[in-house]
Amino acid sequence: MSRRPLPRILTDRALPSLARGRDLARNASDNAADVLKPLIAVGRGLRRHAGWVAGWWIHSAKDRRGPTLLLAVAGVVVVALLPYGPLLAGVTLLMSAGWTGRDRRPATAGPSEPERAKLQAVYEALVPYLTDPDDPAPLYTHHGDAGGVFTDHEFENGRLTLLRLRYPGYFTDGEPDSRARVEQLLHAKAGRGREYRFDWDEEDNHLTLTALPALATGIAAQRFVTSPHEAILGFTDATDVQRTIPVLRGEESWDLPPVVWRTGPRSTEPHLLALGGPGTGTTTLLRSLALQALHHGDVLVVDGAGSGEYGFLAGRPGVLGVESGLAGTLAALEWLAHETQRRLIAVNRARQAGHPAPADVRRPLWLIVDHPAALAQLARVEGRPDPQDLLDVPLRHGRAAGVTLAVAEHLDAADGLSEGLRTGTRARVLLGPAHPAQARAVLGVPPHTTQGAHLPPGRGYARLGDGAVHRLQVPATPDPHDEETTGAHREAILSLLPAAPQAVDLVKAPPETAPPVKAPPEMAPPVKAPARPTAPPRTPAPATAPVDRPTAPFTAPPTATAPPAATAPLTPPPAPATAPVDRPTAPFTAPPTATAPPTPPPPATGTAAPTAPAPAERSSGADPAPAADI
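- An unreviewed UniProt entry annotates the protein as FtsK domain-containing protein originating from Streptantibioticus silvisoli.

So, in structure tokens, the structure goes:
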């Protein structure tokens, strides 16, 4: 459908007389406005005075209106009676009205010539992206007016810091690729080396570009104000979060907005994956999380790179272990899988019984894994199972069991991560420079800010679940055992560690340093007692003969003249306390008699029998018959 031409009277080909009349009318109106400008200001001032008097009359009390009106009439009468009074009063009123009715709008100074040229260059560069050949009235045209689409702009030292522009409604602002092209163009035209934020207002078709200040980098590891199930990943812009925490920056205290990662049973993203290049701060982030977790729970560390950057945690209370080898890692991860199952069973039983979960189950358990792809490669070479397969149980059921995983890997080795590890970590962190396509693959959505030319360690992006993408600056947490670590950072990190248990010295002190000890009376050397006068010493049995001590008292055999005394045991004569007792090594056997058979030996119960007086044959000094071997 062809467009209808404009009326001839509104075109440049109109009659010359009509064009001259239109110019004369425009000039007359401009001259009249200049001549009548004082009268317009006086009239505006009188109207404002009248409005002020009317407002006072309405809001004042009725009992004050009469006296005030009386005083005003008296003042008018006095002025009228004075010489030149009415003239002076009129001049004063006109001057007051002229001052009150002046134009109070501030004079808006437009952009300078260099700034105007820069805005025009940005406008011309946007024409291929924000125009359509079929648009009858395009907003962006070559050699068009930039003031019609740039609603607001600010410059600082000749560089663009704020730009608000309109774009046509047919622009596909819902497609990430279309947005990325416009953002990349504006980033280049506004000036590289800084970070810019892009806010798309899809409802009103407005785009706002804002130059962001650099995030604070002088924040060291410290005790942050958090709950047991909260961890501070880093700090971001104040416009992105609604919470601030006190932070020590050097010797001053600042209130900075943090990126808080919530873990535990009520977390929607209980596990974290951090990716970045070498030297971007992924290991620093894991060290920071480990130090924060030790205040409320237990930590198990797996260092896949084997660099020893977690050695300062070994032996500390709450650190279950620091593993760097493949065998130790497999054993630790297998234990973690069983521990997760045990916690699930304990929680289930407690809920069925109507009781709260046990205290050991409620205590958080953290697993810190650095560079798992290296361990997976080593396991494939040695023909062992992949350690990442043992993480399936904690990834799936760790939220209910109070187990949290934090994994870090290099960006170029992300293909070596297992599928379960990728899908189970919903909290993502990307550190260091990255291509927009890589950022979108890691975070799920492209970030709404651009990256600067030089990024300090620990600078990147963070996204928790389905939330927005935040700029992130990780607190400085270097290895305290590294020689390049400053003394302030080393002291700050070591002060956050729990105190190690005191070691017990089991080595005896040398004799010369020990004080002399007086021996007690019972430790004196024993004194040999004199031999018994009534019986000679017994001859000991051979060393090979077994010792069979009777447990019952000895009973003398019966004789023909006297009955045997078998009802009461005989007590031997008392011996000195310090004299050794000379006990026979072989059991004693009574000789047979003609009147009675020998008494069989009693069963052995382990109790020594008291010594009985020797029979008549022993009293004459004869040795007893040797006992038969048992």
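**A few points about the overall build of the protein**
Then step 1. Helix and strand content of the protein: 15 helices and 16 strands.
Then step 2. Per-residue burial over the protein gives 32% buried out of 630 residues.
Then step 3. A sequence separation of at least 24 residues applies to 67% of the contacts in the protein between residues at least 6 apart.
Then step 4. Of the roughly 39500 Å² of accessible surface on the protein, a fraction of 59% belongs to carbon and sulfur atoms.

**What about a nonpolar patch on the surface?**
Then step 1. Among the surface-exposed residues, W57, I58, L69, V73, V77 and L81 lie close enough to one another that they form a single nonpolar patch of about 620 Å² accessible area.
Then step 2. Taken together, the elements giving at least two residues each to the nonpolar patch come down to α2 (37-59) and α3 (62-81).
Then step 3. When residues in the nonpolar patch are grouped by element, the largest group, 4 residues, is from α3.
Then step 4. With respect to the helices, strands and loops of the structure, L69 is situated in helix α3.
Then step 5. On the basis of relative accessible area, L69 is assigned to the partly exposed category, the value being 49%.

**Comments concerning the nonpolar core**
Then step 1. Core analysis: the biggest nonpolar cluster contains 34 residues, and L233, W261, L313, I368 and V429 have the highest contact counts within it.
Then step 2. Considering every element that reaches this core, the biggest residue donor is helix α7 (residues 282-293), with 6 residues.
Then step 3. Here I368 is in contact with L286, A290, V299, L300, V301, V302, Y310 and A406, once residues within four sequence places are set aside.

**Some thoughts on helix α6 (residues 176-190)**
An α-helical turn contains 3.6 residues, so any two residues separated by three or four positions project in the same direction.
Then step 1. Along its 15 residues, α6 runs 21 Å from first to last C-alpha, staying within 8% of the 21 Å computed at 1.5 Å per residue.
Then step 2. The set of residues buried in α6 consists of S178, V182, E183, L185, L186, H187 and A190.
Then step 3. Turning to α6, the residues buried within the fold contact α5 (113-126), β2 (159-166), β3 (195-201) and β4 (206-212).
Then step 4. One or two steps after α6, the chain reaches G191, where phi turns positive at roughly 120°.

**Focus on the pairing of strand β1 (residues 150-156)**
Then step 1. As defined by bridge partners, β1 adjoins β2 across 6 bridges and the pair is classed as antiparallel. Each bridged residue has a counterpart across the sheet, and for E156 the counterpart in β2 is R159.
Then step 2. Counting the residues in the hairpin turn of β1 and β2 gives 2 residues, including N157, whose phi is positive at 55°.

**Thoughts on the packing of aromatic side chains**
Then step 1. Throughout the structure, instances matching the rule amount to 8 aromatic pairs.
Then step 2. Consider the rings of Y123 and Y140, whose centres lie 5.2 Å apart with planes at 25°: the pair is stacked. Separated by 17 residues along the polypeptide, Y123 in helix α5 and Y140 in the loop between α5 and β1 bring together distant segments of the chain. The exposure classification of Y123 matches that of Y140, with both residues buried.
Then step 3. Seen in terms of ring centroids, W261 and W366 are 5.7 Å apart; in terms of plane orientation they differ by 85°. Their pairing is edge-to-face. One end of the pair, W261, is in strand β8 (residues 258-262); the other, W366, is in strand β12 (residues 365-370), and 105 residues separate them in sequence. For the pair W261 and W366, one class covers both residues: buried.
Then step 4. An aromatic cluster is defined as three or more aromatic residues linked by ring pairs; in this entry it consists of Y123, Y140 and F150.
Then step 5. A cation over a ring is seen here: R249 above W254, with NZ or CZ 5.0 Å from the ring centre.

**Here we look at the side chain of R343**
Then step 1. Locating R343 in the fold gives a position in helix α8 (residues 326-352).
Then step 2. Side-chain polar atoms of R343 contact the backbone oxygen of D360, separated by 3.3 Å.
Then step 3. A polar atom in the side chain of R343 sits 3.2 Å from the backbone oxygen of A401.
Then step 4. Non-local contacts of R343, meaning those with residues more than four positions away in its chain, are made with D360, V361, R363, L365, A401 and G402.

Rules behind the numbers
- Residues numbered from 1 in each chain as written.
- Predicted model: local features only at pLDDT ≥ 70, side-chain atom pairs only at ≥ 80, totals over all residues.
- Heavy atoms only, no water.
- Helix = DSSP H or I, 4+ residues; strand = E, 2+ residues; numbered from the N terminus.
- Buried < 20%, exposed > 50% of the residue type's maximum accessible area, 1.4 Å probe, protein only.
- Contact = heavy atoms within 4.5 Å.
- Areas by Shrake-Rupley, 256 points an atom, 1.4 Å probe, with all protein chains shown as cover.
- Patch = residues over 30% accessible without salt bridge, like charges linked within 9 Å, V, L, I, M, F, W, Y side chains within 5 Å.
- Salt bridge = Lys/Arg side-chain N within 4 Å of Asp/Glu carboxyl O.
- Core = buried A, V, L, I, M, F, W, Y, C linked by side-chain atoms within 4.5 Å.
- Expected span 1.5 Å × (residues − 1).
- Pairing = 2+ DSSP bridges.
- Phe/Tyr/Trp six-rings, centres within 6.5 Å; stacked < 30°, edge-to-face > 60°.
- Lys NZ or Arg CZ within 6 Å of the ring centre and 35° of its normal.
- Polar contact = N/O pair within 3.5 Å; in protein donor to acceptor, adjacent residues only side chain to side chain.

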